Amino acid sequence: MKGRYVRTSSSTQSNARQIQKQHPEEKIYIDIISGAIAFKERPAAKELIEEIEAGTIDYLTCESIDRIGRSAFDIQCTIQYLNDKGVTLKVENLGIESFVKDKPSPIFKMITDVLANVAELTRNNIREAQAQGIKIAVAQGKYKGRVKGSSASDDTVLTKYKSVVKAIKQHPDLSLRKIASIADVSLGTVQKVKGILYK
């Protein structure tokens, strides 16, 4: 059976581009989570791994290698896991597969190793640019953080953190710290969202 893995970092991002080529025979796995979270720790990826272990999935498609993750090491480990399980990975924007004539493709490995490092570098550059932007804004007096005593409405918080709301509802038995890790937010944010949901 074929599978398709789709990932966006937040619920505000569209995944239409990733699923537009979905085929009827594919089972789709969608994660709304940061690429910095290890593949095996993501809710949909866990379901996918269970299917692979059961021998149900033997062919997997993703739109681009950075959908697998934003950590070079984790991407490489995930691809190695798929190889070990005999699961062919197709990266659509590259038009290549991990297996050629039932053997791991050295060309695929070479290209994806490079792109895995690019994915990690891109994430690091974005985070660094954000930090620098805030630092400059603070120095210019244009950014002072949230005004003391101000707070967003409950609806605004729930809308902003849809991924947290989803994680809390889908995984009620998980610890708040684990949910924070899955949604890539602070523990305080998870506590705030849960407090609003169940007050």
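Computed from a predicted structure; not experimentally measured.

Student: Please give an account of helix 7 (residues 176-183) that cites residues and values.
Tutor: Those residues of helix 7 that fall on the buried side of the exposure criterion are Ile179, Ala180, Ile182 and Ala183. For helix 7, the angular spread of buried residues about the axis comes to 165 degrees, placing them on one side. Structurally, helix 7 contributes buried residues whose contacts are with helix 2 (43-53), helix 6 (162-170) and helix 8 (187-197). Of the residues flanking the end of helix 7, it is Asp184, one or two places downstream, whose phi is positive at about 60 degrees.

Student: Talk me through the layout of surface pockets; I want residue IDs and the actual numbers.
Tutor: Within this model, the largest pocket holds a volume of roughly 710 Å³. As for the largest pocket, its lining consists of 30 residues, and the residues nearest its centre are Ser9, Ser10, Gln13, Ser34 and Asp184. Of all the secondary structure elements, the ones that give two or more residues to the lining of the largest pocket are strand 1 (2-8), helix 1 (16-19), helix 4 (106-139) and helix 6. Among the elements that take part in the lining of the largest pocket, helix 4 stands out by supplying 4 residues, more than any other. Class assignment of the residues belonging to the lining of the largest pocket gives a composition of 5 nonpolar, 14 polar and 11 charged.

Student: How would you sum up the packing of aromatic side chains? Please name residues and give values.
Tutor: Under the defined criterion, the tally for this structure stands at 1 aromatic pair. Directly above the aromatic system of Tyr59 lies the positively charged group of Lys2, at a separation of 5.0 Å from the ring centroid.

Student: Mind laying out the environment of Asp154, listing which residues take part and the relevant values?
Tutor: Relative to the elements of secondary structure, Asp154 occurs in helix 5 (residues 154-160). In this structure, the C-alpha to C-alpha distance between Asp154 and Val193, residues 39 residues apart in sequence, is 8.4 Å.

Student: Lay out the nonpolar core in plain terms, naming residues and giving numbers.
Tutor: Within the largest apolar cluster, 23 residues are counted, with the highest numbers of intra-cluster contacts made by Tyr5, Phe39, Leu48, Leu60, Ile68, Ile75 and Leu89. Within the residue set of this core, elements represented by two or more residues are helix 2, strand 3 (59-62), helix 3 (72-84), strand 4 (88-91) and helix 4. Among the elements that line this core, the one with the most residues is helix 2, at 5 residues. Those residues in contact with Leu48, other than ones at most four positions away along the chain, are Tyr5, Tyr29, Phe39, Ile57 and Leu60. The next biggest cluster of nonpolar side chains, apart from the first, holds 11 residues, and it includes Val157, Val164, Ala183 and Ile196.

Student: Outline the pattern of salt bridges, supporting the account with residue identities and numerical values.
Tutor: Overall, the coordinates contain 11 salt bridges when judged by the stated rule. Across the pair Glu26 and Arg4 runs a salt bridge, and its minimum N-O distance is 2.7 Å. You can see Glu26 sitting in strand 2 (residues 26-32) and its partner Arg4 sitting in strand 1, a full 22 residues away along the chain. Summarising the burial analysis for this pair, Glu26 and Arg4 share the class buried. Among the salt bridges present, the one from Asp113 reaches Lys109, with a minimum N-O distance of 2.7 Å. In this pair, Asp113 and Lys109 are both assigned in helix 4, 4 residues apart and thus about one turn of the helix distant. On the basis of relative accessibility, which here comes to 47%, the residue Lys109 falls in the partly exposed class. Each of the salt bridges in this network shares a partner with another, and the network as a whole consists of Arg4, Glu26 and Glu92.

Student: So what about helix 4? Which residues, and what values?
Tutor: In an α-helix, one turn spans 3.6 residues; hence positions three or four apart end up facing the same way. With 34 residues, helix 4 ought to run about 50 Å at 1.5 Å a step, and its terminal C-alpha atoms sit 50 Å apart, in line with that. Turning to helix 4, its buried residues are Phe108, Thr112, Ala116, Ala119 and Ala137. At its buried positions, helix 4 is contacted by helix 3, strand 4 and strand 5 (96-97). Gly141 sits one or two residues past helix 4 and shows a positive phi near 75 degrees.

Calculation notes
- Residues numbered from 1 in each chain as written.
- Predicted model: local features only at pLDDT ≥ 70, side-chain atom pairs only at ≥ 80, totals over all residues.
- Heavy atoms only, no water.
- Buried < 20%, exposed > 50% of the residue type's maximum accessible area, 1.4 Å probe, protein only.
- Helix = DSSP H or I, 4+ residues; strand = E, 2+ residues; numbered from the N terminus.
- Arc of directions from axis to C-beta.
- Contact = heavy atoms within 4.5 Å.
- 1 Å grid on protein atoms, 1.4 Å probe; cavity = no way out; pocket = protein on both sides within 12 Å on 5 of 7 lines; lining within 4 Å.
- Points joined across faces, edges and corners; volume = space filled by probe spheres on them.
- Nonpolar A, V, L, I, M, F, W, Y, C, P; charged D, E, K, R; others polar.
- Phe/Tyr/Trp six-rings, centres within 6.5 Å; stacked < 30°, edge-to-face > 60°.
- Lys NZ or Arg CZ within 6 Å of the ring centre and 35° of its normal.
- Core = buried A, V, L, I, M, F, W, Y, C linked by side-chain atoms within 4.5 Å.
- Salt bridge = Lys/Arg side-chain N within 4 Å of Asp/Glu carboxyl O.
- Expected span 1.5 Å × (residues − 1).

Just geometry here; none of it tells us what the structure is for.
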